[in-house]
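# Coordinates in review
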Amino acid sequence: MTRYAHLNLFVAGYGYHEASWKLAANGSQGAPGLSHFIEIARTAERGVLDSMFFADSPGVATFRTRFMAQAGYDPIDLLAALVPVTEHIGLLATASTTYSAPWDLARRFATLDHLSNGRAGWNIVTTGNPTAAANFADRAHPEHRDRYARAREFVEVVLEVWDGWEDDAVVASPTTGQWADHHKLHPPQHQGEHFSVAGILAIPRSPQGYPVLAQAGSSHEGVDLAGRFADVVFTPQSTIAAGAAFRQRVRSVAESYGRSADDIRLLPGLSFVLGSTEAEATAGWDALQAASSEEFQLFNLTHLAGVPQSLVADVDPDGPFPYSLFDSATSQTFGAAVTKVARDGGLTFRQVARQFSTLPGGLHFTGTPEGLADLIGAWWHQRGADGFTLQPLRLPLDLTLFVDHVVPLLQARGITKRRYGGGTLRDELGLPRPTNAHTRVGAAR
Ligand SMILES: Cc1cc2nc3c(=O)[nH]c(=O)nc-3n(C[C@H](O)[C@H](O)[C@H](O)COP(=O)(O)O)c2cc1C
């Protein structure tokens, strides 16, 4: 099978930059509606991108609503609304293992997989953002280690629920009157430390067997979860060497769990602003930064790392950088990214805050389509990544420029594919279809 770079589109409202809504071309800066996302989905499919992705957090920090356009729709519902207007593109949504129930989530993603003929994917996160806890009154925000312990069992249970039906369990014989062969139904009867889940879904096994499993969290526990379960891994990496090392780390962990390292696609975040010339692209970036609120950026720096907002008030933004503040970061990856930038540059809090309008610790590009195609090609050829999670800072503008000008270059260079294969998301990513655990056991017996 020809190896191609895989491209996953991170769809964030009017673009990944917090001020993008202010520059939105069409002048309507209200909550983006379905037509906005339909246009984006169709453009992404025209670029033969593998998938589109909606991030999520079951809680919003109020300060963000003052400065940023909010489009925090339920991502699974939004993707389901895009099924009828798309044909090939994968549909990935984040869902939290800390603030969801496994049986319910298993059904929601299996439903999306059925409705889309095998294009669904779940981005597994434990939710670093402590503000979410207040929306689920029955529990305080768990510690990092506990969130991941719960996540491991959560994913196991979801897989057990997805394996509740063997692929050929449906008989549907009007003659015998039998619809399902109950010998091929396997209620999980799961009793664990965090969950007790008994029954099967009321739908047969979905087209992909398991919707694609993505994971985003680069701490030690995050990498362990990724190596154990993930097909696709999102991560912030800023150099080819760092990307290659992280890719190797995840692959080794996968092998330690008896998986094939080739069954993982590492898609680091790549944010970008494009222009037909360097000057035009730089002007685009400068316009975003100029439109951004410094007050927002100061607040957002600790929010990204999951540091309680109450601690920000005491910070002198122009004094020595408050490293100890980030000791309590609930998002280890982002916390580390922030303190690294401060330390490497000897920067103040205010100076660091100005730098985090893109993915903390991630890769950012401002420039021409040729320059971006070169960058993607270099990472891909040198195994720094298996592709990217694209984060256009202005939507739909930077996506349209990417599809019209970068994709043709990547296709001409044999880096990305020219057409969809017509199969499931797993087929597009070159990933195997997981056999049902009970079928495996049956075959072994
Ligand atoms: C490309 C990308 C997408 C992410 N999407 C989400 C998301 O939708 N929701 C979320 O809570 N965290 C998201 N994260 C953050 C991670 O889930 C995680 O909280 C963070 O990396 C810290 O994890 P760690 O503590 O294991 O290092 C994303 C991270 C990356 C790199």
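Keep in mind the model is a prediction, meaning the values are calculated, not measured.

## A look at the packing of helix α6 (residues 220–229) against helix α7 (residues 240–256)
Contact pair α6 / α7: the axes reach a minimum separation of 8 Å and the direction vectors enclose 55 degrees. Accordingly, the angle class assigned to the pair α6 and α7 is oblique. In the packing of α6 onto α7, the handedness of the crossing is right-handed. Touching His 220, Val 223, Asp 224, Ala 226 and Gly 227 of α6 are Phe 246, Arg 249, Val 250, Val 253 and Ala 254, all from α7. When grouped by side-chain class, the residues that make up the contact of α6 with α7 number six nonpolar, two polar and two charged.

## Observations regarding the nonpolar core
In this structure, Met 52, Trp 122, Trp 162 and Phe 402 are the most contacted members of the largest nonpolar core, which totals 68 residues. Sort the elements by how many residues they give to this core and helix α5 (residues 144–162) lands first, with nine residues.

## Side note on the sheet that holds strand β11 (residues 265–266)
A sheet is described by the order of its strands in space; here ten strands give the open sequence β11-β10-β9-β4-β3-β2-β1-β14-β12-β13, paired in parallel fashion. In this open sheet, the two edge strands, each paired with only one partner strand, are β11 and β13 (363–367). Summarising the sheet, strand β10 (residues 232–234) and β11 pair through two bridges and their orientation is parallel. Note on β11: the bridge partner recorded for Val 233 is Leu 266. Strands in contact with α5 are β3 (90–96), β4 (120–125) and β9 (212–216); relative to β4, the strand with the most contacts, it is inclined by about 160 degrees.

## Section: the side chain of Arg 265
Following the sequence through the fold, Arg 265 ends up in strand β11. Polar side-chain contacts of Arg 265 include one of 2.6 Å to the backbone oxygen of Asp 262. For Arg 265, the side chain forms a polar contact with the main-chain oxygen of Leu 429, separated by 2.8 Å. Among all residues touching Arg 265, those that are not within four sequence positions of it are His 6, Asp 231, Val 232, Val 233, Asp 386, Leu 429, Gly 430 and Leu 431.

## Topic: the pattern of salt bridges
Evaluated as defined, the whole model comprises 19 salt bridges. The partner of Arg 205 in a salt bridge is Asp 167, with the nearest N and O atoms 3.0 Å apart. With Arg 205 in the loop between β8 (196–197) and β9 and Asp 167 in the loop between α5 and β5 (170–173), the pair connects residues that are 38 residues apart, well separated along the chain. For Asp 167, a relative accessible area of 43% translates into the label partly exposed. Ionic pairing is found between Asp 386 and Arg 247, a salt bridge with its closest N-O pair at 3.0 Å.

## Overview of the environment of Val 233
Within the secondary structure, Val 233 sits in strand β10. When the C-alpha positions of Val 233 and Glu 278 are compared, they lie 31 Å apart, and in sequence the two are 45 residues distant. Beyond its immediate stretch of four places on either side in the chain, Val 233 contacts Gln 215, Ala 226, Phe 246, Val 250, Ile 264, Arg 265, Leu 266, Leu 267 and Pro 268.

Definitions and limits used
- Residues numbered from 1 in each chain as written.
- Predicted model: local features only at pLDDT ≥ 70, side-chain atom pairs only at ≥ 80, totals over all residues.
- Heavy atoms only, no water.
- Axes fitted to C-alpha atoms, helices over the stretch in contact; angles between N-to-C directions.
- Helix = DSSP H or I, 4+ residues; strand = E, 2+ residues; numbered from the N terminus.
- Parallel < 35°, antiparallel > 145°, perpendicular 65-115°, else oblique.
- Left-handed = near helix turned anticlockwise from the far one by under 90°.
- Contact = heavy atoms within 4.5 Å.
- Nonpolar A, V, L, I, M, F, W, Y, C, P; charged D, E, K, R; others polar.
- Core = buried A, V, L, I, M, F, W, Y, C linked by side-chain atoms within 4.5 Å.
- Buried < 20%, exposed > 50% of the residue type's maximum accessible area, 1.4 Å probe, protein only.
- Pairing = 2+ DSSP bridges.
- Polar contact = N/O pair within 3.5 Å; in protein donor to acceptor, adjacent residues only side chain to side chain.
- Salt bridge = Lys/Arg side-chain N within 4 Å of Asp/Glu carboxyl O.

Coordinates in, geometry out; function isn't part of it.
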